[in-house]
Amino acid sequence: MSDQPLTEGEIDLALSDLPGWSHANDRLERTWTFPGHLQALAAATGVGLLSERRDHHADLTVNYDKLRVSVTSHSAGNKVSAKDTDLARAVSELLG
């Protein structure tokens, strides 16, 4: 998968297929809300394992019952690349 940064148009096209995700500050982000803290932590662990298998790691923030997932590609100069849209799609499949 390419480490080249995506254009704004390519990012917009990818986001049309990624409900709930947004693009700001050269990152893709989405927040999920869970019934409680333990479920948010379990989801964070699942995303961490998924990221590790792909060798492309998301930034995760847990605030009680919320999990924010944020991705960017360091190898693309801290811009959004196809690696990020691919990981966002996989995280959405995992978390619903």
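What counts, and where the lines are drawn
Residues numbered from 1 in each chain as written. Predicted model: local features only at pLDDT ≥ 70, side-chain atom pairs only at ≥ 80, totals over all residues. Heavy atoms only, no water. Helix = DSSP H or I, 4+ residues; strand = E, 2+ residues; numbered from the N terminus. Rg over C-alpha atoms; globule rule 2.2 N^0.38 Å. Contact = heavy atoms within 4.5 Å. Areas by Shrake-Rupley, 256 points an atom, 1.4 Å probe, with all protein chains shown as cover. Lys, Arg positive; Asp, Glu negative; His and termini not counted. Charge placed at Lys NZ, Arg CZ, Asp CG, Glu CD. Pairing = 2+ DSSP bridges. Axes fitted to C-alpha atoms, helices over the stretch in contact; angles between N-to-C directions.

On a plain count of helices and strands, the chain comes out with three helices and four strands. Listing each helix as α and each strand as β along the chain from the N terminus yields α-β-β-α-β-β-α. In summary, the chain has a C-alpha radius of gyration of 13 Å against a globular reference of 12 Å for 96 residues, a match within 12%. Each of the three principal axes of the chain carries a C-alpha extent, and together these read 35 × 25 × 20 Å. In the chain, of all internal contacts separated by at least 6 residues, the share reaching a separation of at least 24 is 65%. Entry remark: accessible area of the chain is about 5400 Å², with carbon and sulfur atoms responsible for 51%. Separation of charge centres in the chain, based on 9 positive and 14 negative side chains, amounts to 4 Å.

Turning our eyes to something else, we now look at the side chain of Thr85. Position of Thr85 among the secondary structure elements: in helix H3 (residues 82-95). In contact with Thr85, not counting residues within four places along its chain, are Leu6, Ala14, Leu18 and Leu28.

Let us now look at the sheet that holds strand E3 (residues 59-63). If you trace the four strands from one edge of the open sheet to the other, you get E1-E2-E4-E3, paired in antiparallel fashion. The open sheet has two edge strands with one neighbour each: strand E1 (22-24) and E3. Each strand axis lies, on average, 25 degrees off the axis of its neighbour in the sheet, ignoring direction. Relative to strand E4 (residues 66-71), E3 runs antiparallel, the two being bridged by five bridges. Paired with Thr61 across the bridge in E4 is Arg68. The sheet contacts of helix H1 (residues 8-15) involve E1 and strand E2 (27-33), and relative to E1 the element is tilted by about 155 degrees. Where H3 meets the sheet, its contacts fall on E2 and E4, and the angle it forms with E2 comes to roughly 10 degrees.

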